[in-house]
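In case you want the letters, here they are:
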Amino acid sequence: MLFQVRMDVSIPAHLSETEVNDLKSREKALAQQLQQSGKWRHLWRIAGQYANTSIFDVASNEELHNLLLSLPLYPFMQIEVTPLCRHPSSIHDDDR
Ligand SMILES: O=C(O)CC1=CCC(=O)O1
């Protein structure tokens, strides 16, 4: 199942630089691991914003939910999920 997920990040100013750097490095490690696994298919920065748009390929709504909750930056993100399905004009066989 494919989902487009937009994540808007807002890290509170009271966190120390060390805490922020630790959160970001743990987020990056997990994001890269999930990309390697194929579950996080695309990760794009939204230009000019501390936000990304991503495509996830997971088995169920519950898997996506648990994956998003596991992200270190989850407590500091506003998340919008859009379920996707194949477009009849798509030429990409893996769009499902
Ligand atoms: O910087 C972001 O958009 C938040 C984020 C998601 C995965 C990652 O490495 O950073």
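Residues numbered from 1 in each chain as written. Predicted model: local features only at pLDDT ≥ 70, side-chain atom pairs only at ≥ 80, totals over all residues. Heavy atoms only, no water.

Inclusion rule: UniProt positions are given in the numbering used here, feature names are shortened, and annotations may be inferred rather than shown by experiment.
Where an unreviewed UniProt entry is consulted, the protein chain appears under the name Muconolactone Delta-isomerase, with the organism given as Alishewanella agri BL06. Quoted verbatim from the Sequence similarities (unreviewed entry) heading of the UniProt record, the comment on the protein chain is "Belongs to the muconolactone Delta-isomerase family."

### Observations concerning the environment of G48
This is how it is decided: What counts as a helix is a DSSP run of H or I of at least four residues, what counts as a strand is a run of E of at least two, and both are numbered from the N terminus. Exposed residues in this analysis have more than 50% of their type's maximum accessible area, buried residues have under 20%, and partly exposed residues fall in between, with area computed by a 1.4 Å probe over protein chains only.
With respect to the helices and strands, the residue G48 is situated in the loop between β2 (40-45) and β3 (51-57). You can call G48 exposed: its relative accessible area is 86%.

### Digging into the nonpolar core
Inclusion rule: Among buried residues, the Ala, Val, Leu, Ile, Met, Phe, Trp, Tyr and Cys ones that are joined through side-chain atoms within 4.5 Å form a nonpolar core. Throughout, a contact is declared for two residues whenever any of their heavy atoms are within 4.5 Å.
Judged by nonpolar contacts, the single largest core of 18 residues is most densely connected at V5, M7, W40, F56, L64 and L68. Looking at this core, the elements that each hand over two or more residues are β1 (2-9), α1 (17-37) and α2 (61-70). Filtering out sequence-adjacent residues up to four positions away, V5 remains in contact with N52, T53, S54, F56, L64, L68, I79, E80 and V81.

### A few points about the packing of aromatic side chains
Which entries qualify depends on this criterion: Put simply, two rings from Phe, Tyr or Trp (the six-membered ring, in Trp's case) pair if the centres are within 6.5 Å, and we call them stacked under 30 degrees between planes, edge-to-face over 60, tilted for the rest.
A complete count under the given rule lists 1 aromatic pair for this structure. Centre to centre, the rings of W40 and F56 are 4.6 Å apart; their planes meet at 40 degrees, and the pair counts as tilted. With W40 in strand β2 and F56 in strand β3, this pair connects stretches of sequence that are 16 residues apart.

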